[in-house]
Amino acid sequence: MNIVIVGVQWGDEGKGKIIDILSEKVDVVVRYQGGNNAGHTVVVDGNEYIFHLIPSGILHKGKICCIGNGVVVDPQVLLKEIEGLQDAGFTAKGRLKISTLAHLILPYHRILDQLREMKRAHKIGTTNRGIGPCYADKINRCGIRMVDLLNRSVFADKLKDNLREKNEIFRKVYNHPGFDFKKIYCEYMEYAKRLSGYIANTALFLNEALRQKKDILFEGAQGTFLDIDFGTYPFVTSSSTISGGAAIGTGVSPEKIDKVLGVAKAYTTRVGEGPFPTEYPRRFGNFMREKGAEFGATTGRPRRCGWFDAVMVKEAVMLNGISELAIMKLDILDGLKSIKICVAYKYKGKVFRDFPHDTTVLRNAAPVYKEVPGWQGPVTGIGAFGRLPANARSYLKRLQDLLGVKISIVSVGSGRQDTIFL
């Protein structure tokens, strides 16, 4: 079976754990969008592993992991991840493939990301990793791809051409000295030597795997409401995070995808700027952030926390064609007397039961809540749905009814074993 894993909120839902668990049952795992602005955290035998580019399925021996054409790659970060895996006793050799068509993040992308954010009156909340500028170059047809890294003359020509234009912009608009061709060229030719064995035609590889009836897991980064089209624009990422991006970002036809599994937290979090209708009051938000260890895996930035928003998740179910949901971090709600679920928004006397695209509404709307009783006992270590506290089961059933989709996985802790399959 070929499955897409997609986040249904603003990212950080716990996709890394689900991908790690399901990777054991597939042959190939492929990341289809984003860059090292995303982070997937996996805990195995008490050891924490954080991935930014390599699919977390690499922790399972014998699994092939691909970085698809829809991903933007910072080679410095990627090599650091490969080295980190080797230090931890895992090998990427022979098991990691990087698309020839994936675009490269270059030093000027990272600096431009920072300078643009500094000049903005309304901050986006970028990670300053160069993701947006790299995708912009891709769309502007001046990007440099992994395949170009393997051809010295092509890489040199493209880099020179880019620097002629970009250095003018850096000097005249941002009062920045610009970039030296030779320095970047030498640095990236060294990356080429170290990465050449991993670069491959991944679209061809994936379609051949399908022909051989192998199972593929498509790994998304970020979440539905950071999607460049359907997210809370402009406070979004620069790629297609929804399930449709899996086809574009890998070269696999949509007809080959059998199922889309959505991943949601039992509450909601958001990093950076942008509207957040169900955000907790500051004091309670700080308490829940500490309780849930809600700090970004990529930047360490504190995440904003709030109640579960059924309006947005219902929209995500529709946009992604989700047939099943995984609910993560249920254990963080332990000990609360009552729990709220947002079922609508109210703005200027109008009730919105469907997700509005107007950011003015999203910024100023009051959430309409249904309140349900909480539970006191810990859920971590409980291995069966029927053994969960009655109010925890009721909460999950309420979510299922509101969203109109089956909950098939519930996470009650950070370890692989702290997972309930329904």
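Our subject is the structure listed above.
What counts, and at which threshold
- Residues numbered from 1 in each chain as written.
- Predicted model: local features only at pLDDT ≥ 70, side-chain atom pairs only at ≥ 80, totals over all residues.
- Heavy atoms only, no water.
- Helix = DSSP H or I, 4+ residues; strand = E, 2+ residues; numbered from the N terminus.
- Buried < 20%, exposed > 50% of the residue type's maximum accessible area, 1.4 Å probe, protein only.
- Contact = heavy atoms within 4.5 Å.
- Areas by Shrake-Rupley, 256 points an atom, 1.4 Å probe, with all protein chains shown as cover.
- Expected span 1.5 Å × (residues − 1).
- Arc of directions from axis to C-beta.
- Pairing = 2+ DSSP bridges.
- Axes fitted to C-alpha atoms, helices over the stretch in contact; angles between N-to-C directions.
- Parallel < 35°, antiparallel > 145°, perpendicular 65-115°, else oblique.
- Left-handed = near helix turned anticlockwise from the far one by under 90°.
- Phe/Tyr/Trp six-rings, centres within 6.5 Å; stacked < 30°, edge-to-face > 60°.

Chemist: Would you take a moment to explain the overall build of the protein chain for this structure?
Modeler: Tallying secondary structure elements over the protein chain gives 13 helices and 20 strands in all. Its C-alpha atoms give the protein chain principal-axis dimensions of roughly 65 × 50 × 40 Å. Every one of the 422 residues in the protein chain was classed for burial, and the buried ones make up 58%. In the protein chain, the share of contacts with a sequence separation of at least 24, taken over all contacts with a separation of at least 6, comes to 76%. Accessible surface, the protein chain: about 18,100 Å² in total, of which carbon and sulfur atoms supply 50%.

Chemist: Even after reading the chapter, I still don't get helix H2 (residues 75–87), so can you show me in this structure?
Modeler: An α-helical turn contains 3.6 residues, so any two residues separated by three or four positions project in the same direction. Compared with an ideal rise of 1.5 Å per residue, which puts 13 residues at 18 Å, H2 spans 18 Å between its outermost C-alpha atoms and is within 8% of the ideal. Those residues of H2 that sit buried are Pro75, Leu78, Leu79, Glu81, Ile82 and Leu85. All buried residues of H2 lie within an arc of 155 degrees about the axis, which places them on one face of the element. H2 presents Lys80 and Asp87 as exposed residues on the side facing more than 90 degrees away from its buried surface. The inward-facing, buried residues of H2 contact strand S4 (47–51), strand S5 (64–67), strand S6 (72–73), strand S7 (96–99), strand S8 (103–104) and helix H7 (181–195). Phi turns positive one or two residues past the end of H2, at Gly89, with a value near 95 degrees.

Chemist: What am I meant to see in the pairing of strand S2 (residues 28–31) here?
Modeler: A regular strand places its side chains on the two faces of the sheet in alternate fashion. Neither face of S2 is open: one carries Val28 and Val30, the other Val29 and Arg31, and all of them are buried. Summarising the sheet, S2 and S5 pair through four bridges and their orientation is parallel. Each residue of the ladder has a partner; that of Val30, found in S5, is Cys66.

Chemist: Please explain the sheet that holds strand S19 (residues 406–411) as it appears in this structure.
Modeler: Whether parallel or antiparallel, the strands of a sheet pair through hydrogen bonds between backbone atoms. Here ten strands make up an open sheet; going across it, the order is S9-S7-S5-S2-S10-S1-S11-S15-S19-S20 and the pairing mixed. Among the strands making up the open sheet, the edge pair consists of strand S9 (199–200) and strand S20 (419–421). Here three bridges tie S5 to S7, and the two strands are oriented parallel to one another. Pairing of Ile67 across the sheet is with Ile98, part of S7. Along the sheet face, helix H13 (residues 390–403) touches strand S15 (324–328) and S19 and points at about 145 degrees away from the line of S19.

Chemist: Help me understand the packing of H2 against H7 in this model?
Modeler: Geometrically, a packed helix pair is captured by the angle between its two axes and the distance between the axes. Packing of H2 against H7 leaves a shortest axis separation of 10 Å and a crossing angle of 40 degrees. Between H2 and H7, the interaxial angle falls into the category oblique. Crossing of H2 over H7 shows left-handed handedness. Here Pro75, Gln76, Leu78, Leu79, Ile82 and Glu83 of H2 come into contact with H7, specifically with Tyr188, Tyr191, Arg194 and Leu195.

Chemist: I'm lost on the pairing of strand S11 (residues 259–265) in this one. Help?
Modeler: For S11, the buried fraction is high: seven of the seven residues fall into the buried class. Of the pairings in the sheet, the one linking strand S1 (residues 3–7) to S11 comprises five bridges and is parallel in character. Of the residues in S11, the one forming a bridge with Ile5 is Leu261. Relative to S15, S11 runs parallel, the two sharing five bridges. Paired with Val263 across the bridge in S15 is Ala326.

Chemist: Any chance you could explain the packing of aromatic side chains here in plain terms?
Modeler: How two aromatic rings sit relative to each other is set out by the distance from centre to centre and by the angle between their planes. This structure, assessed with the given rule, holds 16 aromatic pairs. Where Trp10 meets Phe276, the ring centres are 5.2 Å apart and the plane angle is 65 degrees; that geometry is what we call edge-to-face. In this pair, Trp10 is assigned in the loop between S1 and helix H1 (15–23) and Phe276 in the loop between strand S12 (268–270) and helix H10 (282–292), connecting sequence segments 266 residues apart. Their ring planes at 50 degrees and their centres at 6.3 Å tell us that Phe170 and Tyr174 sit as a pair that is tilted. We classify Phe170 as buried; its relative accessible area is 2%. Residue Tyr174 is classed as buried on the basis of its relative accessible area of 16%. The structure contains a cluster of three or more aromatic residues connected by ring pairs, namely Phe155, Phe181, Tyr185, Tyr188 and Tyr191.

Distances and angles like these do not, on their own, reveal function.
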